[in-house]
Each structure stands twice: as C-alpha cells, then as structure tokens.
Amino acid sequence: MTARSELLTMELHTAAWRVAAGEVSPVDLVGACLDQAAAISDTNAYISVFEDALEVAEASAAMIRAGYRIGPLHGMPIALKDNINVAGKLTTAGSAVLKHNISTSDATVVERLRSAGAIIIGKTNLHEFAWGGTSANVTFGFVKNPWNQERMPGGSSGGSGVAVASGACFGALGTDTGGSVRLPSALNGITGVRPTIGRVSNAGVIPLAWSMDTVGPMARSARDCALLLGALAGYDPRDPGSADVGVDDYAGALDGGVSGLRVGLIEGYSLHHMQAAVEKAVREAVDVLQDLGAVVREVSIPDIEGNISAQLTVESVEPSTYHQRSLRANRDDYADDVRLLLQVGELIPAVHYVQAQRYRALLRQQMLAAYGEVDVIVCPTLPFTATPLGDTLVNIDGEDEDMLSAIMQFTGLPSLTGLPAVSVPGGFDQDRMPVGVQLIGRPFAEATLLRCAAAIQSVTDHHRQHPPVLAA
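Predicted, not measured: the structure shown is a model, and the values here were computed from it.

Enquirer: Kindly report on the nonpolar core, identifying the contributing residues and their values.
Expert: Leu73, Leu113, Val378 and Leu450 are the most contacted members of the largest nonpolar core, which totals 120 residues. Filtering out sequence-adjacent residues up to four positions away, Leu450 remains in contact with Val193, Ala222, Cys225, Ala226, Leu229, Tyr250, Leu254 and Val422. Val97, Leu98, Phe129 and Ala130 belong to the second-largest nonpolar core, a separate cluster that totals 16 residues.

This is how it looks when you write it as structure tokens:
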C-alpha cells in the first residue's frame, strides 16, 4: 500500500481526530484527495474538482497551528453531488441543460458543512437530474464502479459513492429520493444515510420529487456518517419542508450497543426475491445483531406490495412538473432516458397520482404500527449486486426484470413513508462486488439506526475493505 493510499484509507472520524491533534495537516488530506480524484478520472466520479480547495486547506492548517478549530469536520475534504449549489461554482445536475449554470449562493447544507470546518473539494457526477438509478450519464460520462469498472455504481449519487469508496474524498453528500444515497452506498461498499424527510434542508438543492427528496451523508462508516449528519441536521426556515425537531447527538449515541433492541424482518418481504449473495448478507447482519443482544422478530406490513407502483408514479409526476417548461425549451439537451421518463410523467392521470399519495399515507400508517413491535426493520438495500454498465435489465430468481423497478424494491419503503434509513456494507458476492444491508427506523430515529450500524461494524470489517484503486 502506498503512502497516499495509507492516508486515504483512514476513516473520516480518524482523520478529523488526527487533524485536531496536529498529527496530519488538512493540506496533506486535500492534496491527496485531489491527486486521487485525478488518478481515478476514468471512473467519471467527478464533474468538477476545486483546485482552490488547497488554499482553504492552508488556511485551515494555519488555524490549527494557532490553536483554533472551527468544528468537528475541521480540515476534512468533502465532495458534493452536483445538484447542490455552491456559490460561484458550476452546478449542472449532470445535464447539458445546465452546463453553464453558475450558482449565486450556497445551499444550506454547504453553509453547515463549512461552519463545521469542512473543505469542499469538488462536485460529483450523477444520473442526469438525479432521475435514474445507474449514473449512466451521457453528458459527463457513465460513472464506473471502482470494484470493477465494467459494472455500474448505482445512482443517482453514483459519483459520490465512487469518490468515497476510492478515497477521492473523506465523505460526500448525495440526494435521496427513491434510494439515490443508499443504492450507490450499497454497490460501492460504503455507508449512506437517508434522513427522515425534513431532517436535513433541501434549500439550494435542485429537486427531483419534492415530496420525497432529502440530502444525505455518504462515508465509509456509521461513525463517519454520524459526524456528517450532526453537521447537516436541523431546522432551516429557507426550506418550507424543514422539520422543527430537536437534533440528537448522533456521534455520542454510537456506542450504546444493541442489547434488547427489537429488530424486525418484514414477513414475506425482507428475505424474499433477491440474489443469493444479498440474502446471505442480510441473514448474516441479522445474526450479528442477535449475537450482540438484539431480539429478532417478524412484523407484518399488509399492503407492502404496492410500493413500487406508487413510487414510480410519484417519482414520475413530480419531476415532470418541475421540468415541464425546461423540457419544451431544451428538449434536445436532455438525455434520451431522462427525457422519456419526463414525457411519461406528464401522461400519468391525476387520479393515479392522488391514489399513489393515498397509498403512501396507508403504507406509512402500517409501517408506524410495526414500530410498536420493533425498533429497526432490516432488509436489503437492493436485491442484486452491480450489473454491467449500460444494462437496463437485471436477473433475479432466473427472470429478467426492469432495472428501475428492481432498484426500488426495498429503497421505496423509507422514500414513500418519509422514514430514515441507513445502508451498511454487508459483504461481497462471488465476484467481490459489494452488497448493502438496509436498516429502516421510525421518524427522526437516525441515532438508533446509526448505533445499530455501528454495532454491526464493530464486529465486521466489510466497511474497511477497499477497491483495487485504493488497496494497491
């Protein structure tokens, strides 16, 4: 392992502690990340890299030498999905439509990262306008999985997932509507959090579907994500959907253990209809929790089977509403797949959209009822591992299925109901491609989910495995 990879394989919380102690300089961290971003340029993880981050790192280092520390992320190189505004920087949302779009102000999450001391080092690639699960971007290049560059990284926050897994940043932000933080976290072998809807501000973020969008942190471990979420969470008057609910001490709650925690498996769902390697990973994660003192039981969600249809309806209509005028003015600048999805969204009857929203209320009611019996629900993040680049079908149980529908099978539950979820590395398939396990909690119970994820990571090392580009 090279000196650079030794530096870049540190977890975020370790790097933050070493910077605070004066053992490592922010200049070294930022420089190493920028070098690594250049080294993995063939993965198309970044759309833009901020060379001026080195100047910020030098100022950050000077503050440490003078005895000042802004916050828990002081000197940490963080990347942003390129649908999050940074003042004076290009924000493309992965689309030719916005290829000249310079942001005039920071998104709230950017302000909060900077207030915690983070250094923004670049903007990551994504599925155009976050409307897709593969990060097959025709304008800025298909994002490639660092474990095997012939495989897809998941999406839509694929660039963020690849950048974190490859050591080209110490943490990243993605956005999650139908699973866009959790999917690339699972397929790249990292940890990702979809917060409760309203927990993290969306102000200054280009939307996909307003009623399901949220920003979420992506990093190597639950401990890293806890640091990031602690900086991001909280009420924001700039965002009408922001929730005025107190913020937990996510990092402080990590070591509470899971003894007595009630872990639920959804009857007929959590362990059904998935590739063998995925089922194995979920069962092993449940066994780990049980060995650590958790109590495992089945719960029933009677109407769970309608979730994919409802999600596809909402996630079609709402983006089409946002893009309606732009689609007519810039039709040829949209990628074919996204343009088709937006056109289809305009054809969905209002009755179907209303029924989907009614179903969401029903599903949320049934999920909340289940949390009377359990504290955390476990299932896969997605039912398969990374497929070849460009594939639109995936094979599960011997049958080819539409990629978009298959991707949403498990991630749709928190998305539709507004509940928090964490994707945690669960191991690897026969081709050494990562598998993700999903933990779903009750509203604003991110601390419980992160504590559960940290417990799993305390006795497994899946999150400490690195792709070839970083392990060499």
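Enquirer: Quick rundown of the sheet that holds strand 8 (residues 295-299)? Include the residues and the values.
Expert: Ordered by their spatial adjacency, eleven strands build an open sheet running 1-3-2-4-6-5-12-13-9-7-8, and the pairing between neighbours is mixed. Of all the strands in the sheet, the pair left with one neighbour each is strand 1 (46-49) and strand 8. The sheet shows a mean angle of 30° between the axes of neighbouring strands, direction not considered. As judged from the three bridges shared by strand 7 (residues 262-266) and strand 9 (residues 376-380), these two strands associate in the parallel manner. Residue pairing for strand 9: Gly264 is matched across the bridge by Ile377. Sitting on the sheet, helix 3 (residues 26-39) touches strand 1, strand 2 (77-81) and strand 3 (119-124), and the angle it makes with strand 3 is about 10°.

Enquirer: Run through a nonpolar patch on the surface, naming residues and quoting values.
Expert: A cluster of nonpolar side chains, Met63, Tyr68 and Ile70, forms an exposed patch at the surface whose accessible area comes to about 300 Å². Examined against the element boundaries, Tyr68 turns out to sit in the loop between helix 4 (53-65) and strand 2.

Enquirer: Provide a residue-level description of helix 8 (residues 222-232), including the pertinent values.
Expert: The element helix 8 is extensively covered by neighbouring structure, given that nine of its eleven residues are classed as buried. Among the residues of helix 8, those classed as buried are Ala222, Asp224, Cys225, Ala226, Leu227, Leu228, Leu229, Ala231 and Leu232. Once helix 8 finishes, Gly234 follows within two positions and takes phi at roughly 135°, a positive value.

Enquirer: Describe the state of the cysteines, and please don't skip the residues or the numbers.
Expert: What the rule picks out here adds up to zero disulfides. Of all cysteine sulfurs in the structure, the one in Cys169 sits closest to Cys33, which takes part in no disulfide; the separation is 6.5 Å. On the basis of relative accessibility, which here comes to 0%, the residue Cys33 falls in the buried class. Between Cys452, a cysteine without a disulfide, and Cys379, which holds the nearest cysteine sulfur, the sulfur-to-sulfur distance is 12 Å.

Enquirer: Outline the pattern of salt bridges, supporting the account with residue identities and numerical values.
Expert: Applying the stated criterion across every chain yields a total of 17 salt bridges. A salt bridge links Lys89 to Asp52; the shortest N-O distance between them is 2.9 Å. Linking Lys89 in the loop between strand 2 and helix 5 (108-115) with Asp52 in the loop between strand 1 and helix 4, this pair joins segments that are 37 residues apart in sequence. You can call Asp52 partly exposed: its relative accessible area is 35%. Note that Asp375 is salt-bridged to Arg262, the shortest N-O span being 3.2 Å. One end of the pair, Asp375, is in the loop between helix 12 (350-370) and strand 9; the other, Arg262, is in strand 7, and 113 residues separate them in sequence. Arg262 gets classed as partly exposed once you look at its relative accessible area, which sits at 23%.

Enquirer: Give me the packing of aromatic side chains: which residues, what numbers.
Expert: According to the stated counting rule, one finds four aromatic pairs in the structure shown. Consider the rings of Tyr269 and Phe410, whose centres lie 5.3 Å apart with planes at 70°: the pair is edge-to-face. Remark: Phe410 occurs in helix 13 (residues 403-417) and Tyr269 occurs in the loop between strand 7 and helix 9 (276-291); sequence separation between them is 141 residues. A cation over an aromatic ring shows up here: Lys89 above the ring of Phe50, its NZ or CZ 4.5 Å from the ring centre. The ring of Phe428 carries the charged tip of Arg432 above its face, separated from the ring centre by 4.3 Å.

The rules we used
Counting restarts for each chain: residues are numbered from 1 in the order of the written sequence. Only residues with pLDDT of at least 70 get local features here, since the model is predicted, and only at 80 or more are side-chain atom pairs given and counted; chain-wide, interface and lining totals rely on the full set of residues. Side-chain descriptors were evaluated using all non-hydrogen atoms of the structure, hydrogens and water having been removed beforehand. In plain words, nonpolar cores are sets of buried Ala, Val, Leu, Ile, Met, Phe, Trp, Tyr and Cys residues tied together by side-chain atoms within 4.5 Å. Burial here depends on accessible area, computed with a 1.4 Å probe over protein chains only, as a share of the maximum for the residue type. Under 20% is buried, over 50% is exposed, and the range in between is partly exposed. Note on contacts: a residue pair qualifies if any of its non-hydrogen atoms lie within 4.5 Å across the two residues. In short, DSSP must find at least two bridges between two strands for them to pair. Helix and strand definitions here come from DSSP, where helices need a minimum of 4 consecutive H or I residues and strands a minimum of 2 consecutive E residues; each element is numbered from the N-terminal end. Throughout, an axis means a line fitted to C-alpha atoms (over the contacting stretch in the case of helices), and angles, computed between N-to-C directions, take values from 0 to 180 degrees. Patch building starts from residues that exceed 30% relative accessible area and form no salt bridge, then joins like charges within 9 Å and nonpolar side chains (Val, Leu, Ile, Met, Phe, Trp, Tyr) within 5 Å. Surface accessibility in these figures is a Shrake-Rupley result with a 1.4 Å probe; residues are shielded only by whichever protein chains are displayed. The rule for a salt bridge is simple: a side-chain nitrogen of Lys or Arg has to be within 4 Å of a carboxyl oxygen of Asp or Glu. Here, two cysteine sulfur atoms that lie within 2.5 Å of each other are counted as a disulfide. Any two rings among Phe, Tyr and Trp, with Trp reduced to its six-membered ring, count as a pair given centres within 6.5 Å; such a pair is stacked if its planes are under 30 degrees apart, edge-to-face if over 60, and tilted if neither. Geometrically, a charge over a ring is one whose NZ (Lys) or CZ (Arg) sits within 6 Å of the ring centre while staying within 35 degrees of the ring normal.

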